[in-house]
Amino acid sequence: MKTNFLKLTVVLGLIMVGLVLGGCGESRSQFAGTYKSVEPFGKDYVHLDLKEDGKGTWTLAGKTLAEFTWAVNDGKPYFYIKGGGILIVTPSEGGKLLSVDMTGDWHPGCPPGSCLNFRRVQDGG
């Protein structure tokens, strides 16, 4: 009797943990898509591709400069760079314009002259 109760408790506990972990984070769908920098970076534009599965790429002149994972917290996308850096993104225009803070420090917005702005060119991801 005690063994069955213990098994039931363990199974219910695992189900609860799965439900809690599955509900963490905000939906990425609002920001998933392809973006292009508003202004050129050197001679070319930077392209940003955000996939629904939380993977992203940063491309310049056809070369992938960075692969990263991303998540949405408090309505803002966060880019987690493999080397350990975190870029905080400030969205506007319903997610059609993204301002990426390139300072490496946390700011409540994106400091002028220290941001790279992207405009969405294609929805989805």
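An account of the accompanying structure is given in this report. Keep in mind the model is a prediction, meaning the values are calculated, not measured.

1. A word on the overall build of the protein
Per the secondary structure count, the protein includes one helix and eight strands. Counting from the amino terminus, helix and strand elements in the protein follow one another as α-β-β-β-β-β-β-β-β. Residues counted as buried form 26% of the 125 residues belonging to the protein. Across the protein, every contact between residues at least 6 apart in sequence was considered, and the portion connecting residues at least 24 apart equals 36%.

2. Notes on the environment of Glu52
Positionally, Glu52 belongs in the loop between strand S2 (46-50) and strand S3 (55-60). Sequence-wise, Glu52 and Ser29 are 23 residues apart; in three dimensions their C-alpha atoms are separated by 6.1 Å.

3. Details of the side chain of Ser99
Summarising the element assignment, Ser99 is placed in strand S7 (residues 97-101). Owing to a relative accessible area of 13%, Ser99 belongs among the buried residues under this scheme. Here the side chain of Ser99 touches Asn117 through a polar contact of 2.6 Å, side chain to side chain.

4. Concerning the nonpolar core
Ranked by size, the top nonpolar core spans 18 residues in total, and within it Leu48, Leu50, Trp58, Trp70, Phe79, Leu98 and Phe118 carry the most contacts. For this core, the elements supplying multiple residues, two or more each, are S2, S3, strand S4 (63-73), strand S6 (86-92), S7 and strand S8 (115-123).

5. So, the pattern of salt bridges
Going through the model one piece at a time under the given rule, you end up with three salt bridges. For Asp49, the salt bridge is made with Lys51, and the minimal N-O distance between the two is 3.3 Å. Judged by its relative accessible area of 34%, Lys51 is partly exposed. With its nearest N and O atoms 3.6 Å apart, the salt bridge here joins Glu67 to Lys82.

6. What to know about the environment of Gly56
Within the secondary structure layout, Gly56 lies in strand S3. The class of Gly56 is buried, set by a relative accessible area of 6%. When the C-alpha positions of Gly56 and Ala32 are compared, they lie 9.2 Å apart, and in sequence the two are 24 residues distant. Among all residues touching Gly56, those that are not within four sequence positions of it are Asp49, Ala66, Glu67, Phe68 and Trp70.

Conventions adopted
Residues numbered from 1 in each chain as written. Predicted model: local features only at pLDDT ≥ 70, side-chain atom pairs only at ≥ 80, totals over all residues. Heavy atoms only, no water. Helix = DSSP H or I, 4+ residues; strand = E, 2+ residues; numbered from the N terminus. Buried < 20%, exposed > 50% of the residue type's maximum accessible area, 1.4 Å probe, protein only. Contact = heavy atoms within 4.5 Å. Polar contact = N/O pair within 3.5 Å; in protein donor to acceptor, adjacent residues only side chain to side chain. Core = buried A, V, L, I, M, F, W, Y, C linked by side-chain atoms within 4.5 Å. Salt bridge = Lys/Arg side-chain N within 4 Å of Asp/Glu carboxyl O.

Note that every value here comes from positions in space, so none of it alone points to a role or purpose.
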